[in-house]
Amino acid sequence: MRRALLAIVLGLESIAAAAAPAAGPPPDPVFALVVGVNQPIDPGPPKLLYADDDAILFHKLFSQVGRSLLLIAPDAATLRLHGALQARTPTRANLKLAVDELLALVEASRRRGERPQLYFVYSGHGDVRNNEGYLSLEDDRFTSRDLAELILSRSRAAANHVIVDACKSYFIIRERRAGGAREPAPPGFHRTQTLLDRFPQTGFLLSTTSAASSHEWEEFQAGIFSHEVRSGLLGAADINRDGRVSYNEIRAFIEVANSAIRNERYRPNIFVRPPRADGAAALYALRRGTVPALIVPRAKAGRYFLEDANGVRLADMHTAVTGAVTIAVPRDTHLYMHDLSRSVEYLVDPRPGQRQIVALPVRPASHRMKGAAHEAFQKIFSIPFGVPVYRALMRRYAQDDPKLRGTECIRCICEPCDGEPAPPPATPAPPPPPPAPVQTVAARPAVRPAWEPILEGALAVSFLNRSFDFNDPIEPKQSPVYRSGLIPMLGFGVAVHPLAALRAGPLRGLGLVASFRRSLGLSSQLAGYTNPADTVLQDVAAGLRYRLLLGAAGGWPWLTLRFGLEGGVQSFAIDWEPSVAQVMPDVSYAYLKIPLDLELALLRGRAVLSLLFGIDYLVVLSGGEIERSDTSGYGQASIGGLDLRGGLELRGGPFFIRATYAYRRVFLSFDNDCFSQQTGCHAAGGALDVSSGLDLLLGAAF
């Protein structure tokens, strides 16, 4: 008899759960930009482990109901766990491109007469700099002013929703005032702030209300706040089961989930504010008509969590006996619903529609805690979230915000509210159109950091002067000497690191380089002759370079080392007239060089300013015509050389400009064998070939 009654109750709850979310008009179109950054832009804060995982799970949640764009730089563990990703690197340039794309879609939705909802979701690092809150990107800081000017002021969405899980996330809504002044942090949740006033159509859900920290937990493999938000949005916070999760519901859900944690250091103190223009606006519509769902009946109330076949934890909840809970679940994947209160787990196969968990295959629980989790975090979700608790919290919230008075008496299917009859189920609404396809971007190239480009190219303008001096003459005649004025030169340089696209371990730093420079309008004048001779100074080099990045934990690396092996030819040729005596032979050095370059980042942010220093050792294999043993040369020589350079580089986005002072010194030592054998060659103990000047490069990196 008891089993029959239980079956009847479960059946009635299933019918009610299926009818409840169908109330109201079709859900609004959803557009989301989700950003996850593990690395802080500034040194000091430790690297996060799960910000990229949080972003992926938020992206999957929004992708089920609309259009979502993902910006992450996943670590190796995340790539192994989630596989191929639809993602772009979280740089300023990519963020702007993603915002432009979504705002265009929002505008098109508006023109169709729809009420689009725009979400900006961030998981990562937050801080305050120069009296302004900011969030870390891979290559820059995303400030409260950026949030206002780049997204909120341009959005034509019916409502914007900002969800941020980061330390000091509250300060992202407090813009820098004139003169750098800032109001003190408020003691409570509901004091009006700058961005709240400027953008009344925007709601905020932030992980902190002050200069507090956000926490991750290995058991969730996620940020605690982010995991609790996703759990609520999947349906665990929908206390009145209307298919919409309101700001008040998510606020109460998170507070109840953490209320058993005694240590305030670990208990989240969140900031929640719905759009001021529409206080009743939902944070999220569940769309249960198009997304598979699981129903936990009140007869099975207890502590649950949901995970996929890879062990990715999707949601946690503690349901109450006051009503059933309907949880939206991903499509096309096997899931496991763990009932911790009864030590069993339910097997969920991928198929559409709503299902009672009691109708699923069940087996003894196989889940075990992974290591010694923090005792405080183990208390999360230890208190059930039900109607009485929600009403008590709403009464308390109403003491701080008079606009909330009266909202504690919710209309709910599970029981009448203060004696009022429960409303009848509404006529089901037609299902919304399927969400637009998400643009697929190759995963591995997308996660490449901005400071690790595949291709770099630059145009070069140089202004050099050159001198060539013979020393220790053996012949009783004056040694020829060459002096130049300022020599203008044009050229280019290119570097290719193809393995950087594959993130192929240490080999990703290996690349190919090439450079070319040639003088413009250069001529030489010999004393006693009126006609100048055309002259060409040219340098060509190519070889292998290895790029080593050091100190990149805070974003752009503090130090970049480049070293390798290159081969090249530097030639200096004068086109003398036949009547002119040969006094200055052509010089053409074929050389190998071993370069070492250091790039020290002095300033890192939206632009990067770096100090450059380089040294090359030249092994000269041949000196050209100067080594001939007839009247045009000086015989065999031992030749070596050294390059020195130093300067500054400024990078902004993909472009850079570099200014360096370069010095090359080539030394020659002649053996004089041809002179002693009287072959007609000239004699000198040695020579110095010195060139120096300014190099200016303008280039781009991709």
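Residues numbered from 1 in each chain as written. Predicted model: local features only at pLDDT ≥ 70, side-chain atom pairs only at ≥ 80, totals over all residues. Heavy atoms only, no water.

Caption draft 1: Quick peek at the overall build of the protein. Across its full length, the protein holds eleven helices and 33 strands. Looking at the protein as a whole, 53% of its 702 residues qualify as buried. For the protein, the share of sequence-separated contacts (at least 6 apart) that also reach a separation of at least 24 residues comes to 72%. Of the accessible surface of the protein, which amounts to about 30,700 Å², a share of 59% is contributed by carbon and sulfur atoms. (Helix = DSSP H or I, 4+ residues; strand = E, 2+ residues; numbered from the N terminus. Buried < 20%, exposed > 50% of the residue type's maximum accessible area, 1.4 Å probe, protein only. Contact = heavy atoms within 4.5 Å. Areas by Shrake-Rupley, 256 points an atom, 1.4 Å probe, with all protein chains shown as cover.)

Caption draft 2: Layout of helix 7 (residues 224-236). Helix length check: helix 7, at 13 residues, gives a terminal C-alpha distance of 15 Å against a target of 18 Å (1.5 Å per residue), a shortfall beyond 12%. Most of helix 7 is tucked away, with 13 of its 13 residues classed as buried. (Expected span 1.5 Å × (residues − 1).)

Caption draft 3: Looking closely at the pairing of strand 29 (residues 587-603). Bridging between strand 28 (residues 559-574) and strand 29 involves twelve bridges; their strand directions are antiparallel. Looking across to strand 29, one finds that Glu-566 is bridged to Lys-593. Note that strand 29 and strand 30 (residues 607-622) share 13 bridges and pair antiparallel. Counted as the bridge partner of Leu-600 is Leu-611 from strand 30. (Pairing = 2+ DSSP bridges.)

Caption draft 4: Main features of the confidence of the model for the protein. Averaged over every residue, the pLDDT of the protein is 79; residues scoring 70 or more account for 77%. Segment residues 1-10 is flagged for pLDDT under 50; beyond a separation of four residues in sequence, or across chains, it makes five contacts in the model. Scored below 50 in pLDDT, residues 369-377 shows 16 contacts in the model against residues more than four places distant or in partner chains. (pLDDT = per-residue confidence, 0-100.)

Caption draft 5: How the structure looks around the packing of aromatic side chains. For the coordinates displayed, the defined rule picks out eleven aromatic pairs. When the centroid spacing of 5.6 Å and the interplanar angle of 35° are considered together, the rings of Tyr-634 and Phe-670 count as tilted. One end of the pair, Tyr-634, is in the loop between strand 30 and strand 31 (637-652); the other, Phe-670, is in strand 32 (residues 655-670), and 36 residues separate them in sequence. Taking relative accessible area as the criterion, Phe-670 reaches 6% and is therefore assigned buried. Site record: aromatic cluster; members linked through ring pairs are Phe-468, Phe-470, Tyr-634 and Phe-670. One Lys or Arg, Arg-664, reaches over the ring of Tyr-591 and ends 5.2 Å from the middle of that ring. (Phe/Tyr/Trp six-rings, centres within 6.5 Å; stacked < 30°, edge-to-face > 60°. Lys NZ or Arg CZ within 6 Å of the ring centre and 35° of its normal.)

Caption draft 6: Here's a closer look at the packing of helix 4 (residues 92-111) against helix 5 (residues 144-152). Where helix 4 contacts helix 5, the axes come no closer than 10 Å and their chain directions differ by 40°. As the angle between them shows, helix 4 and helix 5 are arranged oblique. Residues Arg-92, Leu-95, Lys-96, Val-99 and Leu-103 of helix 4 form the contact with helix 5, whose participating residues are Asp-146, Leu-150 and Ile-151. Residues that form the contact of helix 4 with helix 5 fall into these classes: five nonpolar, no polar and three charged. (Axes fitted to C-alpha atoms, helices over the stretch in contact; angles between N-to-C directions. Parallel < 35°, antiparallel > 145°, perpendicular 65-115°, else oblique. Nonpolar A, V, L, I, M, F, W, Y, C, P; charged D, E, K, R; others polar.)

Caption draft 7: Inspection of empty space enclosed by the protein at higher detail. All told, the structure shown has nine cavities of 30 Å³ or more when counted by the stated rule. In this model, the second largest cavity occupies a volume close to 140 Å³. Lining the second largest cavity we find 20 residues, and of these Ile-239, Gly-323, Ala-324, Val-325 and Phe-385 sit closest to its centre. If you list the elements that add at least two residues to the lining of the second largest cavity, you get helix 7, strand 16 (313-318) and strand 17 (325-328). Class assignment of the residues belonging to the lining of the second largest cavity gives a composition of ten nonpolar, seven polar and three charged. (1 Å grid on protein atoms, 1.4 Å probe; cavity = no way out; pocket = protein on both sides within 12 Å on 5 of 7 lines; lining within 4 Å. Points joined across faces, edges and corners; volume = space filled by probe spheres on them.)

Caption draft 8: Structural view of the sheet that holds strand 16. Strands sit in the order 16-15-18-19-21 across an open sheet of five strands; the sheet is antiparallel. Two strands bound the open sheet, and with one partner strand each, they are strand 16 and strand 21 (362-364). Strand-to-strand twist in this sheet, taken as the mean axis angle between neighbours without regard to direction, amounts to 20°. In this structure, strand 19 (residues 344-348) lies alongside strand 21, joined through three bridges in antiparallel fashion.

Caption draft 9: Local environment of the side chain of Thr-560. Within the secondary structure, Thr-560 is located in strand 28. On the basis of relative accessible area, Thr-560 is assigned to the buried category, the value being 2%. Ignoring sequence-local partners within four residues, the contact set of Thr-560 consists of Arg-547, Leu-548, Leu-549, Asp-597, Leu-598 and Glu-599.

Caption draft 10: A look at the state of the cysteines. The full count for this structure, using the stated rule, is one disulfide. Note that Cys-674 is cross-linked by a disulfide to Cys-681, the S-S spacing being 2.0 Å. Looking down the S-S bond of the Cys-674 and Cys-681 bridge, the torsion is 105°, so its handedness is right-handed. Cys-681 carries the same exposure label as Cys-674, and that label is buried. (Disulfide = S-S within 2.5 Å.)

Caption draft 11: Structural view of the nonpolar core. Counting residues in each nonpolar core, the largest one holds 64 residues, and the members touching the most others are Phe-62, Leu-205 and Ile-250. When near neighbours in sequence (up to four residues on either side) are disregarded, Ile-250 contacts Leu-205, Glu-228, Val-229, Gly-232, Leu-233, Ala-237, Val-245 and Leu-283. The next biggest cluster of nonpolar side chains, apart from the first, holds 37 residues, and it includes Leu-102, Ile-173, Leu-195 and Leu-196. (Core = buried A, V, L, I, M, F, W, Y, C linked by side-chain atoms within 4.5 Å.)

Caption draft 12: Focus on the sheet that holds strand 3 (residues 117-123). The strand order across the open sheet formed by six strands is 2-1-3-7-8-12, and the pairing between neighbours is mixed. The sheet is open, and its two edges are formed by strand 2 (67-72) and strand 12 (271-273), each paired on a single side. Pairwise comparison of adjacent strand axes, ignoring direction, gives a mean angle of 10° for this sheet. Where strand 8 (residues 202-206) meets strand 12, three bridges bridge the pair, whose relative direction is antiparallel. Residue pairing across strands places Phe-204 opposite Arg-273, the latter belonging to strand 12. Contacts from helix 4 reach strand 1 (30-36), strand 2 and strand 3, with the element oriented near 170° to strand 1.

Caption draft 13: Highlighting helix 8 (residues 247-258). Here helix 8 contains twelve residues, and its C-alpha end-to-end distance of 17 Å stays within 8% of the 16 Å for a straight helix at 1.5 Å per residue. Within the span of helix 8, buried status applies to Tyr-247, Asn-248, Glu-249, Ile-250, Arg-251, Ala-252, Phe-253, Ile-254, Val-256, Ala-257 and Asn-258.

Caption draft 14: Examining unusual backbone geometry more closely. At Ser-343, a residue that is not glycine, the phi angle is positive and equals roughly 60°. Mapped onto the elements, Ser-343 comes out in the loop between strand 18 (335-339) and strand 19. For Ser-343, a relative accessible area of 48% gives the class partly exposed. Although it is not a glycine, Asn-672 adopts a positive phi angle of roughly 60°. Within the fold, Asn-672 resides in the loop between strand 32 and helix 11 (673-676).

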